[in-house]
Amino acid sequence: DCVRIVLDPGSDVYELRALGLVEARGEIVAIIEDHGVPEPEYLAELVRAHEQHPQHAVAGAVINGSTSRLIDRVNFLLVHARNLPPRDTLPGPGWIPTPTNISYKRVAVPTEVPARGWIETVHNVMLLHANQVAFDDRIVVRHFQSTGRLGTFKNHFHAGKSMGGLGRTA
């Protein structure tokens, strides 16, 4: 009864995140990536963090699960260096909470499906600028991504291209 499967064939990751956020029914709604694995204490720490922090969103720490190859370590640091624990404050200027490890109180969850990319390019930025984001490094997701040299460069190219386009539209 606690699990719902929401299907939307043909949708991309941005559309699926938006749909999932709106369809979720909990008082706290969390998002992680498909290649992120929460640590065993993730749920308990998530609940504790939302009880402790009054902000509408809580970003958590991300640690590298793909450490055997240099390209994977570099790739991780390019994207998540400022999400590494220990950290007791928000990362500095230019940092935006990512869907790799973020959760929202119900008040910050939209009631209608937002535009594609709105969560990543508008919502999280607005929450951050309104001082409604806390960072709690005890909520930990281990990030596994190993695509080789060519795959890593392709991923960064396509991610930059899609986020650039979404950001421009937003």
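Going by the structure above, here's the rest.
The residue numbering used here restarts from 1 in each chain and proceeds along that chain's sequence as written. Per-residue local features are limited, in this predicted model, to residues with pLDDT of at least 70; the limit for side-chain atom pairs, both in listing and counting, is 80 or more; totals at the level of whole chains, interfaces and linings are taken over all residues. The side-chain values count all of the structure's non-hydrogen atoms but skip hydrogen atoms and water molecules.

(A) Fine view of empty space enclosed by the protein. Throughout, the protein atoms alone are placed on a 1 Å grid, and a set of points is a cavity if a 1.4 Å probe fits but cannot get out or a pocket if it is open with protein on both sides within 12 Å along at least five of seven lines; lining residues have an atom within 4 Å of a point. Grid points are joined across faces, edges and corners, and a volume is the space filled by probe spheres set on the points. Throughout the structure, instances matching the rule amount to one cavity of 30 Å³ or more. Here the largest cavity defines a volume of roughly 40 Å³. Forming the walls of the largest cavity are Ala59, Gly60, Val62, Asn83, Trp95, Thr98, Thr100 and Asn101. Throughout this entry, Asp, Glu, Lys and Arg are counted as charged residues, while Ala, Val, Leu, Ile, Met, Phe, Trp, Tyr, Cys and Pro are counted as nonpolar. The remaining residues, Gly among them, count as polar. Residue classes in the lining of the largest cavity are distributed as three nonpolar, five polar and no charged.

(B) Main features of the nonpolar core. Ranked by internal contacts, the top residues of the largest apolar core, which has 16 residues, are Leu21, Ala57, Trp95, Tyr104, Leu127 and Val133. In this description a helix means any DSSP run of H or I spanning at least four residues, a strand means any run of E spanning at least two, and both kinds are numbered starting from the N terminus. When contributions to this core are tallied by element, the ones reaching two or more residues are helix H1 (13-23), strand S1 (28-32), strand S3 (57-64), strand S4 (101-105), helix H4 (118-129) and strand S5 (133-143). The element that contributes the greatest number of residues to this core is H4, accounting for three residues. Think of a nonpolar core as a cluster: buried Ala, Val, Leu, Ile, Met, Phe, Trp, Tyr and Cys residues, connected wherever their side-chain atoms sit within 4.5 Å. For each residue, the accessible area found with a 1.4 Å probe, counting protein chains only, is set against the maximum for its type, and the residue is called buried under 20%, exposed over 50%, and partly exposed in between. Ranked by size, the runner-up nonpolar core spans seven residues in total, among them Ala49, Val58, Ala134 and Val141.

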